[in-house]
Amino acid sequence: MEQRICVGAFVIQNEKLLMVNHKREGRYDFWVTPGGGVKGTESLEEAATREVKEETGLNVKVNKLMYIEQMFTPEERSVKFWYLCELIDGELDSSAEEAIREFIVDADFKDKTFIKSNEVFPPMLNDGFWEKIAKDNIQPEVIELRELKFY
């Protein structure tokens, strides 16, 4: 079984969360916050800012580690570090080669109602996420091992 280190980014603007739509006809159609695998010797923070740029066209600054999530598929075990990030600048654009390769068809800021009524990931978004970011002293939380639904 392969081992993988991943990162994810939570970028909030006007009480909406930055998300990307992964869509592959006949296989899946879901929304998730930007993220992906760490490359080579880049830091977790560097990977988070790169992934946001590749998938959404936006530039961000990493602020705080929020979650450490453990996941698996039949072929891979991964650990994902989820960061709260701050939007710096840029224009929403999901047409980069890296985004297309991952079947990302859209990037947009989604509100709480959208998140609650659609297939979104990570699951923490519907389990205390909004209350957690409202706190002054955010402590990283370890999320139990879960099987990935789509891979």
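Here the residue numbering is sequential within each chain, running from 1 through the sequence in written order. Where local features are concerned, this predicted model is filtered to residues with pLDDT of at least 70; where side-chain atom pairs are given and counted, the filter is 80 or more; whole-chain, interface and lining totals use all residues. For the side-chain quantities, the full set of heavy atoms in the structure was used; hydrogens and water were omitted.

A. How the structure looks around the overall build of the protein chain. In this description a helix means any DSSP run of H or I spanning at least four residues, a strand means any run of E spanning at least two, and both kinds are numbered starting from the N terminus. Looking only at helices and strands, the protein chain has four helices and nine strands in total. Element order for the protein chain, N to C, with α for helix and β for strand: β-β-β-β-α-β-β-α-β-α-β-α-β. Our radius of gyration is a C-alpha quantity, and the globule rule it is checked against amounts to 2.2 Å times the number of residues to the power 0.38. Rg of the C-alpha trace for the protein chain: 14 Å, near the compact-globule value of 15 Å for 151 residues, within the 12% margin. By its C-alpha atoms, the protein chain is 40 × 35 × 30 Å across when sized along the principal axes. The buried label goes to any residue with under 20% of its type's maximum accessible area, the exposed label to any with over 50%, and the partly exposed label to all in between, with areas taken from a 1.4 Å probe on protein chains only. Counting all 151 residues of the protein chain, 43% fall into the buried class. The contact criterion used throughout is that any non-hydrogen atoms of two residues lie within 4.5 Å. Residue pairs at least 24 apart in sequence account for 71% of intrachain contacts in the protein chain once pairs closer than 6 positions are excluded.

B. Fine view of the side chain of Lys-110. Position of Lys-110 relative to the elements: it lies in strand 7 (residues 104–110). Polar contact criterion, stated in full: a pair of N or O atoms within 3.5 Å, where within protein one must be able to donate a hydrogen and the other to accept it, and residues adjacent in sequence count only if both atoms are side-chain atoms. In this structure the side chain of Lys-110 is engaged in a polar contact, spanning 3.5 Å, whose partner is the side chain of Asp-108. Other than its neighbours up to four places away in sequence, Lys-110 contacts Lys-16, Leu-17, Met-19, Trp-31 and Ile-115.

C. Spotlight on the side chain of Glu-55. Tracing the sequence through the fold places Glu-55 in helix 1 (residues 44–56). Counted as positive: Lys and Arg. Counted as negative: Asp and Glu. His and the chain ends are not counted at all. By definition here, a salt bridge exists when the distance from a side-chain nitrogen of Lys or Arg to a carboxyl oxygen of Asp or Glu is within 4 Å. As a buried residue without a salt bridge, Glu-55 has its nearest oppositely charged side chain in Arg-50, at a separation of 7.3 Å. Among the polar contacts listed, one links the side chain of Glu-55 to the backbone nitrogen of Gly-35, at a separation of 3.2 Å. What Glu-55 contacts, discounting residues up to four positions off in sequence, is Val-20, Pro-34, Gly-35, Asp-93, Ser-94, Ala-99, Glu-102, Ile-104 and Ala-107.

D. Layout of the nonpolar core. Take the buried Ala, Val, Leu, Ile, Met, Phe, Trp, Tyr and Cys residues and link them wherever side-chain atoms come within 4.5 Å; each set so joined is a nonpolar core. Residues Phe-10, Leu-17, Tyr-67, Leu-125 and Phe-129 are the most contacted members of the largest nonpolar core, which totals 25 residues. Among the secondary structure elements, those contributing two or more residues to this core are strand 2 (16–24), strand 3 (28–32), strand 5 (58–72), strand 6 (76–90), strand 7, helix 3 (112–117), strand 8 (120–121) and helix 4 (129–133). Among the elements that line this core, the one with the most residues is strand 3, at four residues. When residues no more than four places from it in sequence are discounted, the contact partners of Leu-125 are Phe-10, Leu-17, Met-19, Thr-33, Ile-115, Val-120 and Trp-130. Counting residues in hydrophobic clusters, the runner-up holds 14 residues, among them Val-11, Leu-58, Val-62 and Phe-109.

E. Main features of the pairing of strand 3. Judged by how many residues are buried, strand 3 sits mostly within the fold: four of five residues are covered. Of the strand pairs in this sheet, strand 2 and strand 3 are connected by five bridges, and their pairing is antiparallel. Along strand 3, the bridge assignment pairs Val-20 with Val-32. The hairpin turn running from strand 2 into strand 3, its antiparallel successor, is three residues long, and Gly-26 in that turn takes a positive phi close to 80 degrees. In this analysis, strands are considered paired if DSSP registers two or more bridges between them.

F. Here's a closer look at the UniProt feature "domain: Nudix hydrolase" (unreviewed entry) in the protein chain. UniProt positions are given in the numbering used here, feature names are shortened, and annotations may be inferred rather than shown by experiment. Within this structure's numbering, the places UniProt gives as "domain: Nudix hydrolase" (unreviewed entry) are residues 2–139. A helix fraction of 21% and a strand fraction of 49% characterise residues 2–139, whose end C-alpha atoms lie 29 Å from each other.

G. Quick peek at the packing of aromatic side chains. Under the pairing criterion, centres of Phe, Tyr and Trp rings, with the six-membered ring standing for Trp, must be within 6.5 Å; the plane angle then separates stacked pairs below 30 degrees from edge-to-face pairs above 60, leaving the rest tilted. Counted by the stated rule, this structure contains seven aromatic pairs. Centroid distance Trp-31 to Phe-114: 5.6 Å. Interplanar angle 85 degrees. Geometry classified as edge-to-face. Here Trp-31, found in strand 3, pairs with Phe-114, found in helix 3; they are 83 residues apart in sequence, far enough to count as distant. By relative accessible area, which is 10% here, Trp-31 ends up buried. Judged by centre distance (5.1 Å) and plane angle (80 degrees), the rings of Phe-129 and Trp-130 are edge-to-face. Of the two residues, Phe-129 and Trp-130, both sit in the buried class. Aromatic rings pair up to connect Phe-10, Tyr-67, Trp-82, Phe-129 and Trp-130 into one cluster. In this scheme, the term charge over a ring applies when either NZ of a lysine or CZ of an arginine sits within 6 Å of the ring centre and within 35 degrees of the ring normal. Above the face of the Trp-31 ring, Lys-110 is positioned so that its terminal group lies 4.6 Å from the ring centre. Lys-132 extends its terminal NZ or CZ atom over the ring of Tyr-67, reaching a point 5.2 Å from the ring centre.

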